[in-house]
Amino acid sequence: MKKTIRLVFYFLVLGFIILQFFQPDKNLGDTNLHDDLFQVATIDGSVKTLLENSCYDCHSNHTKYPWYSYISPVSFFLNKHIVEGKAELNFSDWGIYSKIDRISHLDDICDAISDGKMPLGSYLILHKDASLSEENIKKICDWAETEGMRLLKEE
Ligand code: HEC
């Protein structure tokens, strides 16, 4: 019996080690290139910092990876959020979005943070500093509204 338990344990360890050779592609493209939100939009430094700290890991072409993100299967779990997050909204592609899409994203951004839907709860467990205070939510929403209005008036 003891021997079986030991054998199962060895198999699990071996499986875990083998799993480490399988890793998803890392999201490490350049950000802040000419289509990035920060280049295209009118946005001040403090809102920039908030979006960078709380959203850019999943909604841009460049993720800041913590050490545990290199451990499989955690890496796959994180990658899924990045792929799905970028599919919904990619700040690195802001300049490619049509004006209507930008305005609609600005609206969704304020809704998502006001409802507490974003940043994702699972992300906040290990990224406490990404959590948004009421004051910061208001700051982002005010910016989103101003930027939306600016786009509406733009030729
Ligand atoms: C841990 C990854 C992660 C972080 C961090 C994150 N998001 Fe998301 N976001 C996602 C994923 C995954 C989806 C798509 C699935 C869904 O809607 O839950 C999404 C969807 C969205 C959507 C579109 C759909 C909706 O729910 O309205 C908006 C807008 C959005 N996120 C804004 C933000 C903003 C703004 C921040 C920063 C304050 C942020 N997200 C931070 C992963 C993330």
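Residues numbered from 1 in each chain as written. Predicted model: local features only at pLDDT ≥ 70, side-chain atom pairs only at ≥ 80, totals over all residues. Heavy atoms only, no water.

### Here we look at the overall build of the protein
- Counting secondary structure elements, the protein contains seven helices and zero strands.
- Its helices and strands in sequence order give the protein the pattern α-α-α-α-α-α-α, from N to C terminus.
- Principal-axis analysis of the C-alpha atoms gives the protein an extent of 75 × 30 × 25 Å.
- Scored against the burial criterion, the 155 residues of the protein give a buried share of 34%.
- A sequence separation of at least 24 residues applies to 75% of the contacts in the protein between residues at least 6 apart.
- Counting every atom, the protein has about 10,200 Å² of accessible surface; 62% of that belongs to carbon and sulfur. (Helix = DSSP H or I, 4+ residues; strand = E, 2+ residues; numbered from the N terminus. Buried < 20%, exposed > 50% of the residue type's maximum accessible area, 1.4 Å probe, protein only. Contact = heavy atoms within 4.5 Å. Areas by Shrake-Rupley, 256 points an atom, 1.4 Å probe, with all protein chains shown as cover.)

### Section: a nonpolar patch on the surface
- A contiguous nonpolar patch, built from Leu 7, Phe 9, Tyr 10, Phe 11, Val 13, Leu 14, Phe 16, Ile 17, Ile 18, Phe 21, Phe 22 and Phe 76 and spanning about 1,300 Å² of accessible area, is present on the exposed surface.
- Per-element tally for the nonpolar patch: the top contributor is helix 1 (residues 2-19), with nine residues.
- Tracing the backbone shows Phe 76 in helix 4 (residues 74-88).
- Residue classification places Phe 76 among the partly exposed residues on the basis of a relative accessible area of 39%. (Patch = residues over 30% accessible without salt bridge, like charges linked within 9 Å, V, L, I, M, F, W, Y side chains within 5 Å. Salt bridge = Lys/Arg side-chain N within 4 Å of Asp/Glu carboxyl O.)

### Things to note about the state of the cysteines
- Counted under the stated rule, the structure contains one disulfide.
- The disulfide bridge from Cys 110 ends at Cys 141, spanning 2.1 Å between sulfur atoms. Across the S-S bond of Cys 110 and Cys 141 the torsion is about 100°, and the bridge reads as right-handed. Of this pair, Cys 110 sits in helix 5 (residues 99-114) while Cys 141 sits in helix 7 (residues 134-153), and the two are 31 residues apart along the sequence. (Disulfide = S-S within 2.5 Å.)

### Some details on the coordination of the iron atom of the ligand
- Of the protein atoms, only His 59 (NE2) and Met 118 (SD) coordinate the iron atom of the ligand, at distances of 2.0 to 2.3 Å.
- Between the six donor atoms coordinating the iron atom of the ligand, the angles at the centre fall across 85 to 178°, so the site counts as octahedral. Of the two residues, His 59 sits in the loop between helix 3 (45-54) and helix 4 while Met 118 sits in the loop between helix 5 and helix 6 (121-126), which places them 59 residues apart along the sequence.
- Among the residues examined, His 59 registers a relative accessible area of 11% and is labelled buried.
- Classification of Met 118 by relative accessible area gives partly exposed; the value is 29%. (Donors = N, O, S within 2.8 Å, 3.2 Å for Na, K, Ca; no water. Tetrahedral: all angles 85-135°; square planar, octahedral: opposite > 155°, others 65-115°.)

### Let's talk about the pattern of salt bridges
- Here the structure, examined in full by the defined rule, presents four salt bridges.
- Close ionic contact of Lys 80 with Glu 84 constitutes a salt bridge, the shortest N to O distance being 3.1 Å. Here Lys 80 pairs with Glu 84, and both are found in helix 4, just four residues apart, close to one helical turn.
- Among the ionic pairs, Glu 154 bridges to Arg 150, the shortest N-O distance being 3.1 Å.
- Residue classification places Arg 150 among the partly exposed residues on the basis of a relative accessible area of 29%.
- Where salt bridges share partners, they join Glu 147, Arg 150 and Glu 154 into one cluster.

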